[in-house]
Amino acid sequence: LKTTPGVLNASVNVATQKAVVQYVPGMASPRTLAQAIESTGYKTFEPAATAGAPAEDPERAARLKEYRDLRNRFLFAAVLAGIVLVLTFGEFIPVLKSIPAQVNWIILFVLTTPVLFWAGSRFFTDAWSATRHRTADMNTLIGLGMTVAWAYAVAAVLLPSTVPGAASAAPFYDMSAVVVALVLLGQALELRAKRQSPDAIARLVRLQPRNARVVRNGVEWDLPVEEVVDGDAVRVG
C-alpha cells in the first residue's frame, strides 16, 4: 500500500485483518486502494446499506460464505481421501487383494486428482499470488509438496520404467489427498473461530456493569460507570 501513489501512511493489524490508510484525495481513491490490496491476494469489503433497512455486515457475510466453501471442500476431500487410504493399503484387506495393481493405481489417480485440483485449488491460487509479488508462504509450500507427490505417483503409473522405486510410488497419492483434507480442516476451524470472536467479545461487553456504587464524603451513591472519577471509593457487592 505504501508504494501506491497518493498513500501517505498505512498500518495493518494482522490479528483483526484490518488496515488503516491515510491518503491524498485525488491522487488515490478507495477503489485504487482496494485494487492494490486485492492484488496481493487479500479481500476487501464495502459496506452497502439500503434505505430504511440496516446495513448487513459485509465482512461477516463474506466470512460465512468462505467458511461454507471451506467446509464443503473439506468434506469432499475427506471422503475421497478416506477411500484413497483404503485402496492404498488394499493389500491388507482380503476383499481388495484381487484388484490388479495397475487398476488400483488408476482408481487412485481418478480419486486424488479432483481432491488436489478442486478442493485444493485455493492453495495454488494463493501461492500464485505470492509468487507474483516475489514472496513465498505456507500456500507455496503446501501446493508444491502436494503437486510433487501427485506428479511422482502419476509418472510411476504412466512410465513405471523411468521412475526409480515405481513399485512404491502409489502411496504418494494418499499423501496428497490426506494433506489437502487436513489443511482444509485446519483453515475451516480457524475461520470458524474468527467468525465467533466478535460475538464472544460482544457478550463480554454486555457483562460489564452499567452502574457502580461509590462512596463520596461518607455517602454511598449509585452512579453510571461513566461518571466514576479517580479518587472515588468503589464498593463491590
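> With reference to specific residues and values, describe the pairing of strand S4 (residues 219-224).
By the bridge criterion, six bridges tie strand S3 (residues 211-216) to S4 in an arrangement that is antiparallel. Bridge pairing in S4 links valine 214 to tryptophan 221.

> Quick one: what's the story with the packing of aromatic side chains, residue by residue and with numbers?
Scanning all chains against the criterion turns up four aromatic pairs. Between the aromatic rings of phenylalanine 76 and tryptophan 118, the centroid separation amounts to 5.1 Å while the plane-to-plane angle is 80°, which identifies the pairing as edge-to-face. Taken together, the positions of phenylalanine 76 in helix H2 (residues 58-88) and tryptophan 118 in helix H3 (residues 101-119) put the pair 42 residues apart, joining distant regions of the chain. Pairwise contacts between aromatic rings join Phe109, Phe117, Phe124 and Trp150 into one cluster.

> Lay out the nonpolar core with the relevant residues and their values.
Counting residues in each nonpolar core, the largest one holds 29 residues, and the members touching the most others are Ala77, Tyr173, Val180 and Leu184. It is H2 that provides the largest number of residues to this core, a total of eight residues. The residues touching tyrosine 173, leaving out its near neighbours within four places in the chain, are Val84, Trp105, Leu108, Phe109, Thr112, Trp150, Ala153, Val154 and Val157.

> For the pattern of salt bridges, give the residues involved together with the corresponding values.
Inspection of every chain in the model, using the stated rule, returns two salt bridges. For glutamate 66, the salt bridge identified is with arginine 122, shortest N-O distance 3.2 Å. One end of the pair, glutamate 66, is in helix H2; the other, arginine 122, is in helix H4 (residues 121-132), and 56 residues separate them in sequence. According to the relative accessible area criterion, glutamate 66 is partly exposed, its value standing at 23%.

> Now, about H4: what can you tell me, with residues and values included?
Residues that lie three or four places apart on an α-helix share one face, since the helix turns once every 3.6 residues. Taking 1.5 Å of rise per residue, 12 residues should cover 16 Å, and H4 covers 17 Å from first to last C-alpha, within 8% of that figure. When H4 is considered as a whole, its buried residues turn out to be Arg122, Phe123, Ala127, Ser129 and Ala130. For H4, the arc enclosing every buried residue in end-on projection is 155°, short of the 170-degree limit, so these residues lie on one face. Across H4 from its buried face, at more than 90 degrees, point the exposed residues Thr125, Trp128 and Arg132. Just downstream of H4 lies arginine 134, where phi reads positive at about 60°.

> If you had to explain the packing of H2 against H3 to someone new, which residues and values would you point to?
Following both chains from N to C, one finds H2 and H3 inclined at 160°, their axes separated by 10 Å at the closest point. Between H2 and H3, the crossing angle belongs to the class labelled roughly antiparallel. In this structure, H2 meets H3 at a crossing whose hand is left-handed. Mapping the contact onto sequence places Arg73, Phe76, Ala77, Leu80, Ile83, Val84, Leu87 and Thr88 in H2 and Asn104, Ile107, Leu108, Leu111, Thr112, Pro114, Val115, Trp118 and Ala119 in H3. Here the contact of H2 with H3 is composed, by residue class, of 13 nonpolar, three polar and one charged.

> Which residues make up a nonpolar patch on the surface, and what are the values?
Together, Leu85, Val86, Phe89, Phe92, Ile93 and Val95 give the surface a local cluster of nonpolar side chains, amounting to about 570 Å² of exposed area. Checked against the element boundaries, isoleucine 93 lands in the loop between H2 and H3. Given a relative accessible area of 31%, isoleucine 93 falls into the partly exposed group.

> Summarise the confidence of the model for the protein; cite the residues concerned and give the values.
Averaged over the protein, the pLDDT score is 79; the fraction of residues at 70 or greater is 83%. Mean pLDDT per element in the protein: strand S5 (residues 233-235) is the minimum at 62, and H3 is the maximum at 90.

Basis of the calculations
Residues numbered from 1 in each chain as written. Predicted model: local features only at pLDDT ≥ 70, side-chain atom pairs only at ≥ 80, totals over all residues. Heavy atoms only, no water. Pairing = 2+ DSSP bridges. Helix = DSSP H or I, 4+ residues; strand = E, 2+ residues; numbered from the N terminus. Phe/Tyr/Trp six-rings, centres within 6.5 Å; stacked < 30°, edge-to-face > 60°. Core = buried A, V, L, I, M, F, W, Y, C linked by side-chain atoms within 4.5 Å. Buried < 20%, exposed > 50% of the residue type's maximum accessible area, 1.4 Å probe, protein only. Contact = heavy atoms within 4.5 Å. Salt bridge = Lys/Arg side-chain N within 4 Å of Asp/Glu carboxyl O. Expected span 1.5 Å × (residues − 1). Arc of directions from axis to C-beta. Axes fitted to C-alpha atoms, helices over the stretch in contact; angles between N-to-C directions. Parallel < 35°, antiparallel > 145°, perpendicular 65-115°, else oblique. Left-handed = near helix turned anticlockwise from the far one by under 90°. Nonpolar A, V, L, I, M, F, W, Y, C, P; charged D, E, K, R; others polar. Patch = residues over 30% accessible without salt bridge, like charges linked within 9 Å, V, L, I, M, F, W, Y side chains within 5 Å. Areas by Shrake-Rupley, 256 points an atom, 1.4 Å probe, with all protein chains shown as cover. pLDDT = per-residue confidence, 0-100.

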